[in-house]
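Take a look at the letters that make up each chain.
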Amino acid sequence: MRKFTIFLSLAALLAACTGNDEKRQEAGNTDLFSEAIKTAEAQIGYQVKVIEESGKILNARTIENGHVQYISRQDWTSGFFPGTMFYMYDLTKDPKWLDVGVKYTEDLDTIKHLKWHHDVGFMIDCSFGNALRVTNNDAYKEVIIEAANSLSTRFRPAAGVIQSWDEDRGWQAERGWMCPVIIDNMMNLELLFKATEFSGDSTYYNIAVSHANNTMKHHYRDDWSCYHVVDYDKEQGGVRSKQNAQGYAHESAWARGQAWGLYGFAVSYRYTGDERYLEMADNIYNFIFTHQNLPDDLVPYWDFNAPNIPNEPRDASAAAIAASALYELVKFGKEEYRQTADQIMASLASDSYKALVGTNGNFLLRHSVGSIPHDNEIDVPLNYADYYFLEALTRKMRQEGTL
Ligand code: GLY
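Here is what the cut-offs are and how they apply
For every chain, the first residue of the written sequence is number 1, and numbering continues from 1 onward in sequence order. With pLDDT at 70 or above as the cut-off, local features in this predicted model cover only qualifying residues; side-chain atom pairs require 80 or more to be listed or tallied, and sums for whole chains, interfaces and linings still use all residues. With hydrogens and water stripped out, all remaining heavy atoms of the structure feed into the side-chain values. A helix here means a DSSP run of H or I that spans at least four residues, while a strand means a run of E at least two residues long, and both kinds are numbered starting from the N terminus. We compute the radius of gyration from the C-alpha atoms alone; for a globule the expected value is 2.2 Å times N to the 0.38, where N is the number of residues. Whether a residue is buried, partly exposed or exposed follows from its accessible area with a 1.4 Å probe, protein chains only, as a fraction of its type maximum: under 20%, in between, or over 50%, in that order. In this description, contact between two residues means that some pair of their heavy atoms is separated by no more than 4.5 Å. His residues and chain termini do not enter the charge count, which takes Lys and Arg as positive and Asp and Glu as negative. Where a charge sits is defined by one atom per residue type, namely NZ (Lys), CZ (Arg), CG (Asp) or CD (Glu). Summary of the distance rule: residues count as near a molecule or strand when at least one heavy atom falls within 4 Å of that molecule or strand. Throughout this description, a polar contact denotes any pair of N or O atoms lying within 3.5 Å of each other; where both atoms belong to protein, one of them has to be capable of donating a hydrogen while the other can accept it, and for residues adjacent in sequence the pair is counted only when both atoms sit in side chains. What sets the accessible areas is the Shrake-Rupley method with a 1.4 Å probe; for residues, cover comes only from the shown protein chains. Classes in brief: Ala, Val, Leu, Ile, Met, Phe, Trp, Tyr, Cys and Pro nonpolar; Asp, Glu, Lys and Arg charged; the others, Gly included, polar. Note that patches include only residues with greater than 30% relative accessible area and no salt bridge, and the join distances are 9 Å for like charges and 5 Å for nonpolar side chains (Val, Leu, Ile, Met, Phe, Trp, Tyr). For this analysis, a salt bridge means a side-chain nitrogen from Lys or Arg found within 4 Å of a carboxyl oxygen belonging to Asp or Glu. Being paired, for any two strands, means DSSP has found at least two bridges between them. An axis is simply a line fitted to the C-alpha atoms; with a helix, the fit covers only the stretch in contact. Between two such axes, the angle follows the N-to-C directions and lies from 0 to 180 degrees. Two rings from Phe, Tyr or Trp (for Trp, the six-membered ring) form a pair when their centres sit within 6.5 Å of each other. Planes less than 30 degrees apart are called stacked, planes more than 60 degrees apart edge-to-face, and all others tilted. Here, a charge over a ring means that NZ of Lys or CZ of Arg falls within 6 Å of the ring centre while also lying within 35 degrees of the ring normal.

Brief notes about the overall build of the protein
- Helices and strands together make up the secondary structure of the protein, namely 12 helices and nine strands.
- For 403 residues, the compact-globule estimate of 2.2 N^0.38 gives 22 Å, and the C-alpha radius of gyration of the protein, at 22 Å, lies within 12% of that figure.
- Expressed along its principal axes, the backbone C-alpha trace of the protein runs to roughly 80 × 55 × 45 Å.
- In the protein, which comprises 403 residues, the share counted as buried stands at 57%.
- Across the protein, the fraction of contacts at a sequence separation of at least 24, relative to all contacts at a separation of at least 6, is 65%.
- Taking the average place of the 38 positive charges on the side chains of the protein and the average place of its 55 negative ones, the gap between the two points comes to 3 Å.

As structure tokens, then:
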């Protein structure tokens, strides 16, 4: 009996210690994230100040040779910087972010007519989609519907997919593709789902579902990694080839592509309730988070099969996209993913990735990769790494009741 009592007391002591450890860990993480918000306020605030002082509307994407690179409205990343303003507003409640968010977003209005690549989804939904969420200005619904019309012109009914890139434009023209579709295109579907919600026209929804179903069927390998590019026959339907563009090789797993797929299927599940999309997200999760080449801090190398791992650049953008997707999946009952998401966020908010104030071209996160095969944006900040990190942070804090 005495032995049993001593055992119980020891067990209680251990439990108390573990509980204390957990509390200390939680407190440490809270500090980490409030520091991240403070750093974001300083960094992105300074980015905005420089732009405002220029008297122009500029759109910051990355740094090159130590200088901030501003991009045109037509660039695929043009929605992220305006969209970031709304997450800064969510996180700080400071109306100054709302003012610039609306201003930079409305500057993109003409993009609703863009038809020469698929990224109009990213561009309009990350800007106007967030503007609508925060301001409830119904006029933004029209912009989303018009952009969905533009995106829908790229739907190829015989193949059942939205063509990502034009086959006869830029470096893509050298690849002999007929109807290239990249995994990133899963991210454009949210615009279509919203357009159906706002207009009552199911055409957009049906295009999105057809695209998601074909991506599920043709983009994924048996191990649930995905190809970057699938080229379809847009006249007869069917697949012509499965290839790579921004990853290491045709048969490798480009890190950001895996994250786009995870996020895209989570969104497709949100709008359709189709359990197959949730299963896809589970399968992609398992591929990413059980991969032997995933580092302990859960920020992947730019490609899971990059040849010189561990001496390869990381891609913080892929980690941020995945974290945001995982918080969305937590909402769908996948509570087991929260710990992974939290761990990614703790890594990104640590000094290993978060910039020191006054450095990094006034972006928040360091260590992302644009495209190594194109020798472009290697180990740099990227506006979409910041965007998805801040989106993930708002999702995390809302779920924890701290926002
Ligand atoms: N959507 C282009 C990229 O992820 O680099």
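Resuming the write-up.
Quick look at the site of the ligand
- Around the ligand, a shell composed of W76, D184, Q246, W254, R256, W260 and Y384 is seen.
- Interatomic distance of 2.7 Å between a side-chain N/O atom of D184 and a nitrogen atom of the ligand.
- For the ligand, an oxygen atom lies 2.9 Å from a polar atom in the side chain of W260.
- When isolated, the ligand has an accessible area of 200 Å², and the protein chains bury 93% of it.
- Split by residue class, the shell around the ligand holds four nonpolar, one polar and two charged.

Some details on unusual backbone geometry
- Cis peptide bonds are those with omega within 30 degrees of zero, and the linkage from I309 to P310 qualifies with 15 degrees.
- Along the chain, P310 turns up in the loop between α9 (275-289) and α10 (316-331).
- A positive phi angle, close to 70 degrees, is found at N362, a residue other than glycine.
- Secondary-structure assignment places N362 in the loop between α11 (338-348) and β8 (368-371).
- In this structure, H367 takes a positive phi of about 65 degrees despite not being glycine.

Side note on a nonpolar patch on the surface
- Together, Y46, V50 and Y70 give the surface a local cluster of nonpolar side chains, amounting to about 250 Å² of exposed area.
- Its place among the elements puts V50 in helix α1 (residues 2-54).
- Judged by relative accessible area, V50 falls into the partly exposed class, the value being 30%.

Some thoughts on the environment of I183
- Note that I183 resides in the loop between β5 (180-182) and α6 (189-199).
- Sequence-wise, I183 and V369 are 186 residues apart; in three dimensions their C-alpha atoms are separated by 17 Å.
- Ignoring sequence-local partners within four residues, the contact set of I183 consists of T215, H219, Y220, C226, Y227, H228, G257, W260 and G261.

Considering the sheet that holds strand β6 (residues 229-232)
- The strand order across the open sheet formed by three strands is β5-β6-β7, and the pairing between neighbours is antiparallel. Of all the strands in the sheet, just β5 and β7 (239-243) have a single pairing partner and so form its edges. Here the average twist between neighbouring strands, direction ignored, is 20 degrees.
- Of the pairings in the sheet, the one linking β6 to β7 comprises four bridges and is antiparallel in character. Each bridged residue has a counterpart across the sheet, and for V229 the counterpart in β7 is Q243.
- Across the sheet, helix α7 (residues 203-218) touches β5, β6 and β7, and the angle it forms with β6 is around 110 degrees.

What about the packing of aromatic side chains?
- By the definition in use, this model includes 27 aromatic pairs.
- With a centroid separation of 4.8 Å and an interplanar angle of 50 degrees, the aromatic rings of W76 and Y384 are classed as tilted. You can see W76 sitting in the loop between β2 (67-70) and α2 (80-92) and its partner Y384 sitting in helix α12 (residues 383-400), a full 308 residues away along the chain.
- Residue Y384 is classed as buried on the basis of its relative accessible area, which comes to 1%.
- Aromatic pair Y220 and F265: ring centres 6.0 Å apart, planes at 70 degrees, arrangement edge-to-face. In this pair, Y220 is assigned in the loop between α7 and β6 and F265 in helix α8 (residues 255-272), connecting sequence segments 45 residues apart. With respect to burial, Y220 and F265 carry one shared label: buried.
- Linked through ring pairs, W76, F80, Y87, F122, W260, Y263, Y384, Y387 and Y388 together constitute an aromatic cluster.
- One residue, R221, lies across the ring of Y227, its end atom 4.0 Å from the ring centre.
- One residue, R314, lies across the ring of Y301, its end atom 5.0 Å from the ring centre.

Any functional reading would require information beyond the geometric quantities listed.
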